Amino acid sequence: MGFGAVIKGRIDADSDVALVRRAREGDYEAFEQLFERYRALVYRFAYQMTSRRDDAEDVAQEAFVRAYQNLHRYRDEAKFTTWILRIVTNLCTDQMRMTTRRTALEQQEAAGALDWMTLGDVEDPVANLEGDRRKAVLRTALNALPVHHRTMIVLRDLEEREYPEISAILGCTVGGAKLRVLRARRALRERLEPFFGEGSQ
Amino acid sequence: MNRKQEEELIQQMFSESTESESSQVDKLKSADAHTQVMAQQYKQMREDLKLTREVPADQLSKERLREAILKAGLSASGPANRQKWVWPGWIPSLTASACAVVGVYFVFSHSEVNPSPTSPSQEIVSKLAKQAELPVASRFADPSAHPLKFEASLGGSIEKPINPAIVATAVPKADIGASYGFQAKKLKSVRRPWSHTPGPTLTSAVANVDVLYGAMSLSFPGAALSTISTRNGDLFSRSGLNRNASGGPLAAQFKAGAPSVSELPADAPSKTIVLINDGSSAASDANQATEVESSRNVLVGG
């Protein structure tokens with residue numbers, strides 16, 4: 001057996017498909033390897049969708065729990081990242097819908113408190129720099145978008161996923177994914193329109 | 001600027017347009033000031049989106065995930081406990097239900113009374129009666145005189161003869177041929193245990209039918225009956241005999257209009273016969289005798 005074959009076997013053994021197969025057979029360590037490999041990706045996507053660290057952690061954790069419970073439904077021909085991001089997308093969508101049912105007062109109070117606690121490291125209210133202000137405005141506008149628009153912005157413009165993968169995650173065609181992204185960008189610009197040029201003035 | 005032009009502008013600002021599309025958008029921007037403003041806004045939006053990619057560090061860990069998985073439960077849906085092929089639990093119940101339905105349909109379809117007087121069952125009955133020289137036909141010729149009838153047919157064979165609760169073993173030697181006068185009160189019935197396997201013979205069956213018909217007509221419907229069966233199967237349909245009917249574990253199920261044995265032909269030779277009864281004369285202390293005209297009233301067996 002040559003060196004190339006050894007390397008190839010090692011790669012195959014460490015591939016997502018191999019890890020999923022081992023996890024299916026009861027090897028929990030294989031699933032932990034998948035968790036370590038993709039937890040940052042999942043958390044980042046969840047954070048972009050929820051804009052709150054604790055919510056993002058909960059969503060990411062729940063996504064991996066569901067992935068583990070439904071490993072038998074995972075098809076090997078699909079990418080594991082696509083599959084896990086699809087789970088996260090669904091979880092975030094469910095959470096957004098639950099959030100919109102809250103009363104306006106509760107939403108304001110919870111958002112304000114959590115923003116102060118969770119986003120304090122990134123968005124320092126004291127050092128209200130121009131960059132932070134623009135980020136805060138964009139974050140607010142992004143959160144105000146409908147969840148389907150927000151998903152497209154996050155997938156394409158924040159996570160920089162390719163259109164074929166986006167279409168696989170959302171279960172639509174590539175052309176449909178492009179169209180959705182265009183509409184989401186237009187909706188976001190309309191939200192941000194009153195604030196454009198505010199800093200320059 | 002229409003929607004299509006705006007979409008082309010967006011694609012250009014996010015570097016997703018082709019060269020030809022980009023050139024068209026450039027022309028449009030140079031001609032329209034509003035398009036220029038919009039292009040500027042999209043450009044700023046894209047830069048802001050890049051700024052928002054930063055996320056705070058997470059506090060996820062393997063231990064936390066393990067705890068969450070344990071809390072959620074490694075249920076049947078988990079990969080470790082999942083079977084490759086799950087046995088559908090509804091199949092046995094569905095099969096049992098289907099068997100029950102088929103069984104019920106089979107029983108009811110075979111328990112239907114065939115009103116045809118030339119039914120095979122009746123032919124067999126008459127044939128057997130001829131062989132045994134025990135015609136039972138003309139006794140029940142007048143259905144109005146005997147309001148109670150029971151069904152008689154060969155409903156099918158049985159593997160195990162029915163153990164009668166009450167089997168008439170003693171056939172009245174006297175009073176039988178005397179104008180169809182049944183002496184049901186003289187019947188001696190012996191209760192046999194259920195473990196008695198041999199069934200009554202054909203002769204005894206016919207005799208029991210005769211005697212018990214008299215008993216029924218004299219007493220009440222649903223009186224206890226003996227089993228009418230041969231070694232190969234029922235002589236009379238089991239549908240006419242219902243163990244659970246009132247009057248005992250084996251009682252007659254009466255049905256008006258059902259074909260009876262009275263319709264069977266009776267062509268047995270008639271001879272004068274002297275029958276000796278059980279009772280004795282008080283004067284001579286000798287057994288009493290009865291003279292009958294036909295042998296068809298003489299019942300043998302029991």
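In short, a report on the structure. As the structure is a prediction and not an experimental result, all values here were calculated from the model.

Okay, the overall build of chain B next. Of the regular secondary structure elements, chain B holds seven helices and six strands. Shown N-terminal to C-terminal, the secondary structure of chain B runs as helices and strands in the order α-α-α-α-α-α-β-β-α-β-β-β-β. Taken across its 302 residues, chain B has 37% of its residues classed as buried. When the accessible surface of chain B is split by element, carbon and sulfur atoms take 54% of a total near 17400 Å².

Turning next to the pattern of salt bridges. Residue and element names in this part refer to chain A. Counting across every chain of the model gives 21 salt bridges over all chains. Where Glu36 meets Arg39, a salt bridge forms, and the shortest distance between an N and an O atom there is 3.7 Å. Here the residue Glu36 and the residue Arg39 both occupy positions in helix α3 (residues 28-50), the gap between them amounting to three residues, near one helical turn. Taking the shortest distance from any N to any O, the salt bridge between Arg185 and Asp157 comes out at 2.7 Å.

Residues and elements named next belong to chain B. Two numbers describe how helix α1 (residues 3-13) lies on helix α3 (residues 33-51): the axes approach to 10 Å, and their chain directions differ by 40 degrees. When the interaxial angle is binned, α1 and α3 end up oblique. Pair α1 / α3 crosses with right-handed handedness. Within the contact between the two elements, α1 uses Glu6, Leu9, Ile10 and Met13 and α3 uses Thr35, Met38, Ala39, Tyr42, Lys43 and Arg46. Here the contact of α1 with α3 is composed, by residue class, of six nonpolar, one polar and three charged.

Our next topic: the interface of chain A and chain B. Residue-level contacts link 47 residues of chain A with 40 residues of chain B. Carbon and sulfur atoms supply 60% of the area that chain A and chain B bury against each other, a total of about 4500 Å² over both sides. On the chain A side of the interface with chain B, the three residues burying the most area are A:Arg134, A:Arg186 and A:Arg189, jointly 14% of the side's total. With a shortest N-O distance of 2.7 Å, B:Arg53 and A:Glu160 are connected by a salt bridge. Where chain A meets chain B, there are 20 residue pairs in polar contact (both at pLDDT 80 or more). Elements supplying a minimum of two residues to the side of chain A that touches chain B: α2 (16-24), α3, α4 (53-69), α7 (130-144), α8 (147-158) and α10 (174-192) of chain A. Tallying contributions element by element places α3(A) first for the side of chain A that touches chain B, with 10 residues. Of the residues in the side of chain A that touches chain B, the class split is 21 nonpolar, eight polar and 18 charged.

Alignment of strand β5 (residues 273-280) of chain B against strand β6 (residues 287-292) of chain B, held across five bridges, turns out to be antiparallel. Residue B:Ile276 lies in a different strand from β6(B), and its bridge partner there is B:Ala289.

Residue and element names in this part refer to chain A. Take Asp157: it is sitting in helix α8. Of the residues examined, Asp157 reaches a relative accessible area of 6% and is grouped as buried. Within the structure, the side chain of Asp157 is placed 2.7 Å from the side chain of Arg185, a separation counted as a polar contact.

Within helix α4 (residues 62-72) of chain B, burial applies to B:Leu65, B:Ala68 and B:Ile69. Buried positions in α4(B), seen along its axis, are confined to an arc of 100 degrees and lie on one side of it. Opposite the packed face of α4(B), turned more than 90 degrees from it, sit the exposed residues B:Glu63, B:Glu67, B:Leu70 and B:Lys71. If you follow the buried residues of α4(B), they end up packed against α3 and α4 of chain A. Backbone geometry just downstream of α4(B) places B:Gly73 in the positive-phi region, at approximately 100 degrees.

Basis of the calculations
Going along each chain's sequence as written, the residues are numbered from 1 onward. To label them, take the chains in the order written and letter them from A, then take the ligands in the order written and number them from 1. At least 70 in pLDDT is required for a residue's local features to be given in this predicted model, at least 80 for side-chain atom pairs to be given and counted, and no such filter applies to totals for whole chains, interfaces and linings, which use all residues. Hydrogens and waters are ignored; side-chain quantities use all the structure's heavy atoms. Secondary structure follows DSSP: runs of H or I at least 4 residues long count as helices, runs of E at least 2 residues long count as strands, and numbering of each begins at the N terminus. Each residue is placed in one exposure class: buried if its accessible area under a 1.4 Å probe, protein chains only, is under 20% of its type's maximum, exposed if it is over 50%, and partly exposed if it falls in between. Computed with a 1.4 Å probe, the accessible areas rest on the Shrake-Rupley method; for each residue, only the protein chains presented here act as cover. In what follows, salt bridge is the name for a side-chain nitrogen of Lys or Arg lying within 4 Å of a carboxyl oxygen of Asp or Glu. Note on geometry: axes are lines fitted to C-alpha atoms, helical ones only across the stretch in contact, with angles between N-to-C directions running from 0 to 180 degrees. Between 65 and 115 degrees an angle is taken as roughly perpendicular, under 35 as roughly parallel, over 145 as roughly antiparallel, and anywhere else as oblique. A crossing counts as left-handed when the near helix is turned anticlockwise from the far one by less than a right angle, and as right-handed when that turn is clockwise. Here, two residues are considered to be in contact whenever any of their heavy atoms come within 4.5 Å of each other. Asp, Glu, Lys and Arg are counted as charged, while Ala, Val, Leu, Ile, Met, Phe, Trp, Tyr, Cys and Pro are counted as nonpolar; the rest, among them Gly, fall into the polar class. As used here, buried area is the combined drop in accessible area, with a 1.4 Å probe, of two parts when they are placed together. Whenever two N or O atoms come within 3.5 Å, that pair is a polar contact, provided that in protein one can donate a hydrogen and the other can accept it, and provided that, for residues adjacent in sequence, both atoms are side-chain atoms. Pairing between strands requires that DSSP locate at least two bridges from one strand to the other. Our arc is simply the arc of the directions from the helix axis toward the C-beta atoms.

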